[in-house]
Amino acid sequence: MSNNKNKLKHLAIIMDGNGRWAISRGLERTNGHAAGEHALSNAIDWAIKNKISWLTVYAFSTENWLRSKKEVDYLMFFNRDILLRRRKEFNDKGVKFRFLGDLSDNKIPEENKKLMIETELLTKLNKKLNLNFAFNYGSKTEIHEAIANLHNKNLNKKLEKYEIENNLKNYFQFPEIPDPDLLLRTAGEKRISNFLLYQISYTELVFIEDLWPDVNEKILDKVLLEFNNRNRTYGRNK
Ligand code: IPE
Ligand code: IPE
Ligand code: MG
């Protein structure tokens, strides 16, 4: 299905259910993450095909450090492995990467940091799809940091409420990212899990039961149709 009406400019996805996908097949949770790669690359192709210019995916949250060492180690390995194997292909497709989250964290292996920085540089002139990869991302931390940065830039000045409202976004890591139009969460959980709290104040929410590794074009088409049928009123009466 094509996105003719082109109302969807920015799709954000909480890619959930990898662990359950694997466990239900008698596999290790880490196999579920590996299986999710296919769904991610399909979603990238689908977004390009449908002229959706921004895609933000939640790959690793600041809370995900609480998982077993084995799983965290695997997720770190997997992140660099995907970038090493596929960044050329994504670059050729015109994907521009931004890594959203705290990359300065000591818990992230140096090789991962290096690859993420390199990938941002490699793809920075691309225009087909802006892919924001939320990695070691937590929305509360993002908001606290933006407030601290705003405050530090304006020492000795009492800020009015409207000045904070008008300026806060400029102190986010990537001020140029528009707010998502649609947030999709897979795997049946109906919560936000510290993702883009400030940015989704008027975002449409869709929750589906499908586990992330099972998500394909057909499912994404249905989600897009649901979005295009929604009436976004922003507080107005129609
Ligand atoms: C989402 O799948 C991927 C990450 C959080 C990295 P999960 O690993 O949360 O899968 P479930 O929710 O346990 O099934
Ligand atoms: C959110 O999923 C984080 C990612 C998809 C990366 P989780 O599975 O970690 O979230 P909770 O634990 O269900 O809230
Ligand atoms: Mg989960």
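Below: a short report on this structure. Keep in mind it's a predicted model, so treat the numbers as computed, not measured.

Generally speaking, a soluble globular protein has its nonpolar side chains buried in company with each other. In terms of nonpolar packing, the biggest core is built from 45 residues, with Leu11 and Leu55 touching the most fellow members. Take this core: its biggest share by element is 8 residues, from helix H3 (residues 69–92). Contact partners of Leu55, with chain neighbours within four places excluded, come to His10, Leu11, Ile13, Ala43, Ile44, Ala47, Leu129, Asn130, Leu131 and Asn132. Judged by nonpolar contacts, the second largest core, of 14 residues, contains Tyr137, Phe174, Phe195 and Leu196.

Summed over all chains, the structure comprises 13 aromatic pairs. Ring centres of Phe60 and Phe135 lie 5.6 Å apart, and the angle between their planes is 35°; on these two criteria the pair is classed as tilted. In this pair, Phe60 sits in strand S2 (residues 54–61) while Phe135 sits in strand S4 (residues 129–137), placing the two residues 75 residues apart along the sequence. Accessibility classification places Phe60 together with Phe135 in one group, the buried group. Taken together, a centroid distance of 5.8 Å and an interplanar angle of 90° make the contact between Tyr137 and Phe195 edge-to-face. With a gap of 58 residues between them, Tyr137 in strand S4 and Phe195 in the loop between strand S5 (182–185) and strand S6 (204–207) connect regions that are remote in the sequence. For the pair Tyr137 and Phe195, a shared accessibility class is recorded, and that class is buried.

Our next topic: the site of ligand 1. For ligand 1, the set of nearby residues contains 13 residues, the closest of which are Asp16, Gly19, Arg20, Arg29 and Arg67. Separating an oxygen atom of ligand 1 from a backbone N or O atom of Arg20 is a distance of 2.8 Å. Within the complex, the protein chains bury 87% of what would otherwise be the 380 Å² of accessible surface of ligand 1. Secondary structure elements with two or more residues in the shell around ligand 1: helix H1 (18–23), helix H2 (29–49) and H3. With 3 residues, the top contributor of residues to the shell around ligand 1 is H1. For the shell around ligand 1, the class distribution of residues is 3 nonpolar, 5 polar and 5 charged.

Quick look at the site of ligand 2 now. Residues in close proximity to ligand 2 include Ile14, Met15, Asp16, Tyr58, Ala59, Phe60, Asn64, Arg67, Arg185, Arg191 and Ser193, which together make up its full environment. In this structure, an oxygen atom belonging to ligand 2 sits 3.2 Å away from a side-chain N or O atom of Arg185. Residue Ser193 places a side-chain N or O atom 2.6 Å away from an oxygen atom belonging to ligand 2. At 3 residues, S2 tops the list of elements feeding residues into the shell around ligand 2.

Moving on, we get to H3. The terminal C-alpha atoms of H3, which comprises 24 residues, lie 34 Å apart, in line with the 34 Å expected from a rise of 1.5 Å per residue. Of all the bends in H3, the greatest measures close to 60° and is centred on Arg86. Immediately downstream of H3, the backbone of Gly94 shows phi near 90°, a positive value.

With that settled, consider the pairing of S4. Burial runs high along S4: 9 of the 9 residues are buried. Two strands pair when backbone bridges link them, and S2 and S4 are joined in this way by 7 bridges, in the parallel orientation. Bridge pairing in S4 places Thr56 opposite Asn132. After leaving strand S3 (residues 95–100), the chain enters helix H4 (residues 110–122) and then returns to the sheet as S4, a path that is left-handed.

Running from amino to carboxyl end, H3 crosses H4 at an angle of 20°, the nearest separation of the two axes being 10 Å. The pairing of H3 with H4 is recorded here as roughly parallel in orientation. The chirality of how H3 crosses H4 is left-handed. Across from Met76, Asn79, Arg80, Leu83, Leu84, Arg87 and Asn91 in H3, the residues of H4 making contact are Glu111, Asn112, Leu115, Met116, Glu118, Thr119 and Leu122. Taken together, the residues of the contact of H3 with H4 sort by class into 6 nonpolar, 4 polar and 4 charged.

Two side chains bearing opposite charge may form a pair once their charged atoms approach each other closely. Here the structure, examined in full by the defined rule, presents 29 salt bridges. Of the charged contacts in the structure, one is a salt bridge between Glu37 and Arg86, with a shortest N-O distance of 2.9 Å. Pair noted here: Glu37 is in helix H2 and Arg86 is in helix H3, with a separation of 49 residues, a long-range link. You can call Arg86 buried: its relative accessible area is 13%. Look at the salt bridges and you will find they share partners, linking Glu37, Asp45, Asp81, Arg85, Arg86, Glu89 and Lys93 into a network.

Rules of the game
- Residues numbered from 1 in each chain as written.
- Chains lettered and ligands numbered in written order.
- Predicted model: local features only at pLDDT ≥ 70, side-chain atom pairs only at ≥ 80, totals over all residues.
- Heavy atoms only, no water.
- Core = buried A, V, L, I, M, F, W, Y, C linked by side-chain atoms within 4.5 Å.
- Buried < 20%, exposed > 50% of the residue type's maximum accessible area, 1.4 Å probe, protein only.
- Helix = DSSP H or I, 4+ residues; strand = E, 2+ residues; numbered from the N terminus.
- Contact = heavy atoms within 4.5 Å.
- Phe/Tyr/Trp six-rings, centres within 6.5 Å; stacked < 30°, edge-to-face > 60°.
- Near = heavy atom within 4 Å.
- Polar contact = N/O pair within 3.5 Å; in protein donor to acceptor, adjacent residues only side chain to side chain.
- Areas by Shrake-Rupley, 256 points an atom, 1.4 Å probe, with all protein chains shown as cover.
- Nonpolar A, V, L, I, M, F, W, Y, C, P; charged D, E, K, R; others polar.
- Expected span 1.5 Å × (residues − 1).
- Bend = angle between axes of the 7 residues up to and from the residue.
- Pairing = 2+ DSSP bridges.
- Right-handed = clockwise from strand over helix to strand, strands pointing away.
- Axes fitted to C-alpha atoms, helices over the stretch in contact; angles between N-to-C directions.
- Parallel < 35°, antiparallel > 145°, perpendicular 65-115°, else oblique.
- Left-handed = near helix turned anticlockwise from the far one by under 90°.
- Salt bridge = Lys/Arg side-chain N within 4 Å of Asp/Glu carboxyl O.

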